[in-house]
Amino acid sequence: MTAPVPGAAGYGANASALAAQYESITFAEVYRDLIHLFPAQPATVVDIGAGSGRDAAALARLGHPVVAVEPTTELRHEGQRLHGALAIEWLDDHLPHLNALRQAQRRFDVVLLTAVWMHLDLQERELAMQAIAELTADHGQVFMSLRHGPIPEGRRMFAVSADETIRLAAGHGLSCSHRAEREDMLGRADVSWSFLALRRGAAGA
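Not measured: the values here are computed from a predicted model. (Residues numbered from 1 in each chain as written. Predicted model: local features only at pLDDT ≥ 70, side-chain atom pairs only at ≥ 80, totals over all residues. Heavy atoms only, no water.)

J.: Would you mind showing me how to read the pairing of strand β3 (residues 88-91) here?
T.: Looking along a regular strand, one sees side chains alternate from face to face of the sheet. As paired elements, strand β2 (residues 66-69) and β3 share four bridges and run parallel to each other. In the sheet register, valine 67 faces β3, and the bridge partner there is glutamate 89. Tracing the backbone out of β2, into helix α4 (residues 73-83) and back to the parallel element β3 gives a crossover that is right-handed. (Pairing = 2+ DSSP bridges. Helix = DSSP H or I, 4+ residues; strand = E, 2+ residues; numbered from the N terminus. Right-handed = clockwise from strand over helix to strand, strands pointing away.)

J.: What am I meant to see in the packing of helix α1 (residues 15-23) against α4 here?
T.: Helix-helix packing is characterised by the crossing angle of the two axes and by the distance between the axes. At a minimum axis separation of 9 Å, α1 and α4 run at an interaxial angle of 50°. In terms of orientation, α1 and α4 fall into the oblique class. Once α1 is placed against α4, the crossing between them reads as right-handed. Residues Ala15, Ser16, Ala19, Tyr22 and Glu23 of α1 form the contact with α4, whose participating residues are Glu74, Leu75, Glu78, Leu82 and His83. Here the contact of α1 with α4 is composed, by residue class, of five nonpolar, two polar and three charged. (Axes fitted to C-alpha atoms, helices over the stretch in contact; angles between N-to-C directions. Parallel < 35°, antiparallel > 145°, perpendicular 65-115°, else oblique. Left-handed = near helix turned anticlockwise from the far one by under 90°. Contact = heavy atoms within 4.5 Å. Nonpolar A, V, L, I, M, F, W, Y, C, P; charged D, E, K, R; others polar.)

J.: Explain helix α7 (residues 162-170) here, please?
T.: By the burial criterion, the buried members of α7 are Ala162, Glu164, Thr165, Leu168 and Ala169. Projected down its long axis, α7 shows its buried positions confined to an angular sector of 160°, all on one face. In α7, the exposed residues that point more than 90 degrees away from the buried face are Arg167 and Ala170. (Buried < 20%, exposed > 50% of the residue type's maximum accessible area, 1.4 Å probe, protein only. Arc of directions from axis to C-beta.)

J.: Quick question: what am I supposed to make of the pattern of salt bridges here?
T.: A side chain of one charge can pair with a side chain of the opposite charge when the charged atoms of the two come close. By the definition in use, this model includes 15 salt bridges. Here aspartate 33 ties to arginine 182 by a salt bridge, and the two come within 3.1 Å at their closest N and O atoms. Pair noted here: aspartate 33 is in the loop between α2 (27-30) and β1 (45-48) and arginine 182 is in strand β6 (residues 174-183), with a separation of 149 residues, a long-range link. Here the salt bridges do not stand alone but share partners, grouping Arg32, Asp33, Arg182 and Glu183 into one network. (Salt bridge = Lys/Arg side-chain N within 4 Å of Asp/Glu carboxyl O.)

J.: Help me understand the nonpolar core in this model?
T.: Soluble globular proteins tend to bury their nonpolar side chains together. Membership of the largest hydrophobic core comes to 32 residues, with the highest contact counts inside it found for Leu113 and Trp117. When residues in this core are grouped by element, the largest group, six residues, is from helix α6 (residues 122-135). Setting aside residues no more than four positions away along its own chain, tryptophan 117 makes contact with Arg125, Ala128, Met129, Ile132, Met144, Leu146, Val160, Thr165 and Leu168. (Core = buried A, V, L, I, M, F, W, Y, C linked by side-chain atoms within 4.5 Å.)

J.: Sorry, what's going on with the packing of α6 against α7 here?
T.: For the pair α6 and α7, interaxial distance at closest approach is 9 Å and the crossing angle is 45°. Looking at the two axes, α6 sits oblique to α7. Pair α6 / α7 crosses with right-handed handedness. Residues Leu122, Arg125, Glu126 and Met129 of α6 form the contact with α7, whose participating residues are Glu164, Thr165, Leu168 and Ala169. A class-by-class count of the residues in the contact of α6 with α7 yields four nonpolar, one polar and three charged.

J.: Whenever I open this one, the pairing of strand β4 (residues 108-114) confuses me. Can you help?
T.: Of all seven residues making up β4, six are buried, and the element is well covered by its neighbours. One ladder, built from three bridges, connects β1 with β4; its direction is parallel. In the strand pairing of β4, valine 46 is matched with valine 111. The pairing of β4 with strand β5 (residues 136-148) spans six bridges and is classified as parallel.

J.: Any chance you could explain the sheet that holds β3 here in plain terms?
T.: Hydrogen bonding along the main chain pairs the strands of a sheet, whether they run parallel or antiparallel. Judged by pairing direction, the sheet is mixed, and its seven strands sit side by side in the order β3-β2-β1-β4-β5-β7-β6 without closing on themselves. Since the sheet does not close on itself, it has two edges, and those belong to β3 and β6, each with one partner. Neighbour to neighbour, the strand axes of the sheet diverge by 15° on average, direction disregarded. Helix-sheet contacts for α7 involve β5, β6 and β7 (192-200), and the interaxial angle to β6 is about 165°.

Structural data, given as structure tokens:
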């Protein structure tokens, strides 16, 4: 039996309801501020913390080969049920280390982290950014959403800021190309979001 992932606490027991909530918002709505930066031509994508697979499915429909990484078994099964007709590779792996992906030495043109970063404490965020940088291909992009607001009961979350995340990314060769601040898409008055696009330069550049 695999050890529980601390950041995934509270998700398995509510997987069906959470999947329905996630699917009630479209990928285009979530990433409206950054969508113009996504590759127009087919590009390799990894969706880390893919949840119900909403974003992975949207990108797969556009012709991108997508790996959906989700450590919560129940959510992963929901995603496979909802989007099983699409060519999405589902993988059980998790931050901060992403051992399965890194051991396979995989690289991606697009790395997506939607509502994931706040589940990591500072030390984990430092380790995770290193892992993300290793997974990002030369000239590849990382798209992240950062949640700000109170912690729901039963969840493990930490305060994260866009400024800290940008500084941390810069230390691993990822520069911020776009930043946006947003209201909560589910209408929660005490929750807001930051969206970041980070780009990796060529190795040795």
